[in-house]
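One-letter residues, chain by chain:
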Amino acid sequence: MTGISHGANSTIARKFPWKDYQTFVDVGTAQGDLAAQVALANPHLTGQGFDLPEVAPIFEEYVATVGVADRVSFSAGSFFAQPLPKADVVMMGHILHDWDLPTKQMLVGRAFDAVPIGGAFIVYESIIDDDRSKNAFGLMMSLNMLIETPGGFDYTGADCAGWMREAGFSSTRVEPLVGPDSMVIGIK
Ligand SMILES: C[S@@+](CC[C@H](N)C(=O)[O-])C[C@H]1O[C@@H](n2cnc3c(N)ncnc32)[C@H](O)[C@@H]1O
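Because the structure is a prediction, the values reported are computed rather than measured.

Within the protein, the secondary structure is distributed over six helices and seven strands. Moving toward the C terminus, one meets the helices and strands of the protein in the order α-β-α-β-α-β-β-α-β-α-α-β-β. Over its C-alpha atoms the protein spans a radius of gyration of 15 Å, differing by no more than 12% from the 16 Å that the globule rule assigns to 188 residues. For the C-alpha atoms alone, the extent of the protein along its principal axes is close to 45 × 35 × 30 Å. Going through the 188 residues of the protein one by one, you find that 54% of them count as buried. Taking all contacts inside the protein whose residues are at least 6 apart in sequence as the whole, residues at least 24 apart take part in 70%. For the protein, the exposed surface amounts to about 8,200 Å²; the carbon and sulfur share of it is 59%. Side chains of the protein carry 12 positive and 22 negative charges; the gap between the two charge centres is 8 Å.

The next subject is the packing of aromatic side chains. Aromatic rings considered in pairs are described by the distance between their centres and by the relative angle of their planes. What the rule picks out here adds up to 10 aromatic pairs. Summarising the aromatic geometry, the rings of Phe 16 and Trp 18 are spaced 4.8 Å apart at their centres and angled 65° between planes, so their arrangement reads as edge-to-face. Classification of Phe 16 by relative accessible area gives buried; the value is 4%. Trp 18 sits in the buried class, given a relative accessible area of 1%. Measuring from centroid to centroid gives 5.4 Å for Phe 16 and Tyr 21, while their planes differ by 25°, and the two rings are stacked. Here a set of aromatic residues connected by ring pairs shows up, and it is made of Phe 16, Trp 18, Tyr 21 and Phe 24.

Across the interface, helix α1 (residues 2-15) lies against helix α2 (residues 33-41) with an axial gap of 8 Å and an inter-helix angle of 30°. The pairing of α1 with α2 is recorded here as roughly parallel in orientation. Classified by chirality, the crossing of α2 by α1 is right-handed. Here Thr 2, His 6, Asn 9, Ser 10, Ile 12 and Ala 13 of α1 lie close against α2, whose contacting residues are Asp 33, Leu 34, Gln 37, Val 38 and Ala 41. Counted by class, the contact of α1 with α2 contains five nonpolar, five polar and one charged residues.

Once that is clear, we can look at the layout of surface pockets. Empty space among the atoms becomes visible once a probe the size of a water molecule is rolled across them. The calculated volume of the largest pocket comes to roughly 550 Å³. Lining the largest pocket are 34 residues; nearest its centre among them are Met 1, Gly 28, Gly 93, His 94 and Ile 95. Residue assignment for the lining of the largest pocket shows that the elements contributing at least two residues are α1, α2, β2 (46-51) and α5 (136-148). Classifying every residue of the lining of the largest pocket by side-chain character gives 15 nonpolar, 14 polar and five charged.

The next thing to look at is the site of the ligand. Taken together, 15 residues surround the ligand, and among them Ser 5, Gly 28, Asp 51, Gly 93 and His 94 come closest. Contacts to the ligand include Phe 79, whose backbone N or O atom sits 3.0 Å from a nitrogen atom. A distance of 2.8 Å is found between a nitrogen atom of the ligand and a backbone nitrogen or oxygen belonging to Gly 93. Summarising the interface, the protein chains cover 83% of the accessible area of the ligand, which totals 600 Å² for the free molecule. Among the residues forming the shell around the ligand, the class breakdown is eight nonpolar, six polar and one charged.

Before going further, it helps to spend a moment on the nonpolar core. Ranked by internal contacts, the top residues of the largest apolar core, which has 30 residues, are Trp 18, Phe 24, Val 89 and Ile 122. Of all the secondary-structure elements, those providing two or more residues to this core are α1, α2, α3 (56-66), β3 (72-76), β4 (89-93), β5 (120-125) and β7 (182-187). Element by element, the count of residues in this core is highest for α2, at five residues. Apart from the residues within four sequence positions on either side, Phe 24 is in contact with Trp 18, Ala 35, Val 38, Ala 39, Leu 45, Thr 46, Gly 47, Gln 48, Val 72, Ala 87, Val 89 and Met 91. Ranked by size, the runner-up nonpolar core spans 25 residues in total, among them Ala 87, Met 92, Ala 111 and Val 184.

Here the focus is the side chain of Thr 29. For Thr 29, the position within the fold is in the loop between β1 (23-27) and α2. Ignoring any residue separated from it by four or fewer positions in sequence, one finds Thr 29 in contact with Ala 35, Gly 49, Phe 50, Asp 51, Phe 59 and Phe 74.

Conventions adopted
Residues numbered from 1 in each chain as written. Predicted model: local features only at pLDDT ≥ 70, side-chain atom pairs only at ≥ 80, totals over all residues. Heavy atoms only, no water. Helix = DSSP H or I, 4+ residues; strand = E, 2+ residues; numbered from the N terminus. Rg over C-alpha atoms; globule rule 2.2 N^0.38 Å. Buried < 20%, exposed > 50% of the residue type's maximum accessible area, 1.4 Å probe, protein only. Contact = heavy atoms within 4.5 Å. Areas by Shrake-Rupley, 256 points an atom, 1.4 Å probe, with all protein chains shown as cover. Lys, Arg positive; Asp, Glu negative; His and termini not counted. Charge placed at Lys NZ, Arg CZ, Asp CG, Glu CD. Phe/Tyr/Trp six-rings, centres within 6.5 Å; stacked < 30°, edge-to-face > 60°. Axes fitted to C-alpha atoms, helices over the stretch in contact; angles between N-to-C directions. Parallel < 35°, antiparallel > 145°, perpendicular 65-115°, else oblique. Left-handed = near helix turned anticlockwise from the far one by under 90°. Nonpolar A, V, L, I, M, F, W, Y, C, P; charged D, E, K, R; others polar. 1 Å grid on protein atoms, 1.4 Å probe; cavity = no way out; pocket = protein on both sides within 12 Å on 5 of 7 lines; lining within 4 Å. Points joined across faces, edges and corners; volume = space filled by probe spheres on them. Near = heavy atom within 4 Å. Polar contact = N/O pair within 3.5 Å; in protein donor to acceptor, adjacent residues only side chain to side chain. Core = buried A, V, L, I, M, F, W, Y, C linked by side-chain atoms within 4.5 Å.

Now the structure itself:
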């Protein structure tokens, strides 16, 4: 996932207004490249990578290699079993598209609960354009998820913004990253 996600991760690290925040958690962090890139580009931040316990060794080795282990730690758990760690900014990359609609909505709700008023939720993957006519990669990725998983699918920026509004986020916006990837940002 680091190879697939690194370009978007570096862009989020530079493009999002991190100066307004102090802490972050990357949910479903895998090796931790998003957390590492955000911390490298923003020395005032501290953060966590949240994932299943068996992921801890690869995460800890990676953040040590990148040189951010003093500010980025691993938080072990399952997003089905517990609330998300609290932080100013919650991020999910290539997470929501793995799951069916009720699970997507549950995860968006857990992100809402984890951030303070004014906090942010960043969702990124191959977000499909709202009229579903341009992002062919995103549409093909959605077909891929429909085949590979029991209920997963990709979605438009408007879909994701709608789930964020339903959960209680007061403002939302969609911003392009690199290639077919965009991020959807919700502010609580
Ligand atoms: C497709 S990868 C995304 C990795 C990374 N966010 C990225 O975009 O490159 C999905 C991640 O979700 C994690 N994951 C799956 N089920 C989980 C659960 N119940 N709780 C926490 N993390 C989970 C997996 O271990 C994996 O690291």
